[in-house]
Amino acid sequence: MVQVEGNVEVGDNADDSRYDLLVDGELGGTIVYRDPRRGVRQLVHTEVKPELSGRGLAAVVAKAALDDIRAKGWKVVATCPYIASYVGKHPEYEDLVEPR
């Protein structure tokens, strides 16, 4: 887990193929992924608990996941509409996107 701000942490939960977002030590959201081939991570679904919505936490976990993928030297396939939208609004991540 990496502390991203205050009481919020994000980590790669490889056993469950997801990035976990912890808020005050409790699971508050996830990004589910698949690794279809070596060096490519497909981000499938982003979810934040409804009671935590409106706090920008989906963006926090998206940024952390994309930063992790960059650190690994991998590419991303953004199947999740939220992640695709996030990358569209943050061009600094466009170089990570696997060409179709």
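That block above? That's the structure.
The shown structure was predicted, so the numbers you read here are calculated from the model rather than taken from an experiment.

## Let's talk about the pairing of strand S4 (residues 26-37)
Piece 1. Where strand S3 (residues 18-23) and S4 come together, six bridges link them in antiparallel fashion. Counted as the bridge partner of Arg18 is Val32 from S4.
Piece 2. As consecutive antiparallel partners, S3 and S4 are separated by two residues, and within that stretch Asp24 has a phi angle of approximately 55°, a positive value.
Piece 3. The pairing of S4 with strand S5 (residues 40-48) spans seven bridges and is antiparallel. Paired with Val32 across the two strands is His45, which belongs to S5.
Piece 4. Between the antiparallel neighbours S4 and S5 lie two residues, among them Gly39 with a positive phi of about 80°.

## As for the pattern of salt bridges
Piece 1. The full count for this structure, using the stated rule, is nine salt bridges.
Piece 2. Its salt-bridge partner being Arg37, residue Glu98 comes within 2.6 Å of it at the nearest N-O pair. Placement of the pair is Glu98 in the segment after helix H2 (81-89) and Arg37 in strand S4, with a sequence separation of 61 residues.
Piece 3. The partner of Asp67 in a salt bridge is Lys63, and the shortest N-O contact between them spans 2.7 Å.

## Observations regarding H2
Piece 1. Considered for burial, the residues of H2 that qualify are Ile83, Tyr86 and Val87. Buried residues of H2, seen end-on, are gathered within an arc of 95° and therefore sit on one face of the element. Residues of H2 that are exposed and angled more than 90 degrees away from the buried face: Pro81, Gly88 and Lys89.
Piece 2. Residues of H2 that are buried in the fold lie against S4, S5, helix H1 (57-72) and strand S6 (75-78).

## Describing the side chain of Glu98
Piece 1. Looking at Glu98, its side chain comes within polar contact range of the side chain of Arg37, at 2.6 Å.
Piece 2. Contacts of Glu98, omitting those with residues within four sequence positions, involve Arg37, Val40, Lys75, Val76 and Val77.

## Here we look at the packing of H1 against H2
Piece 1. The contact between H1 and H2 brings their axes to 11 Å, and the two run at 75°. Judged by the inter-axis angle, H1 sits roughly perpendicular to H2. Here Ala58, Ala59, Ala62, Lys63 and Leu66 of H1 come into contact with H2, specifically with Tyr82, Ile83, Tyr86 and Val87.
Piece 2. Here the residues of the contact of H1 with H2 are counted per class, giving eight nonpolar, no polar and one charged.

## A closer look at the environment of Met1
Piece 1. Following the sequence through the fold, Met1 ends up in the segment before strand S1 (2-5).
Piece 2. With a relative accessible area of 53%, Met1 lands in the exposed category.
Piece 3. Separated by 31 residues in the primary sequence, Met1 and Val32 place their C-alpha atoms 16 Å from one another.
Piece 4. Every residue in contact with Met1, bar those within four places of it in the chain, is listed here: Glu9, Val10, Gly11, Asp20 and Leu22.

Rules used in this analysis
Residues numbered from 1 in each chain as written. Predicted model: local features only at pLDDT ≥ 70, side-chain atom pairs only at ≥ 80, totals over all residues. Heavy atoms only, no water. Pairing = 2+ DSSP bridges. Helix = DSSP H or I, 4+ residues; strand = E, 2+ residues; numbered from the N terminus. Salt bridge = Lys/Arg side-chain N within 4 Å of Asp/Glu carboxyl O. Buried < 20%, exposed > 50% of the residue type's maximum accessible area, 1.4 Å probe, protein only. Arc of directions from axis to C-beta. Contact = heavy atoms within 4.5 Å. Polar contact = N/O pair within 3.5 Å; in protein donor to acceptor, adjacent residues only side chain to side chain. Axes fitted to C-alpha atoms, helices over the stretch in contact; angles between N-to-C directions. Parallel < 35°, antiparallel > 145°, perpendicular 65-115°, else oblique. Nonpolar A, V, L, I, M, F, W, Y, C, P; charged D, E, K, R; others polar.

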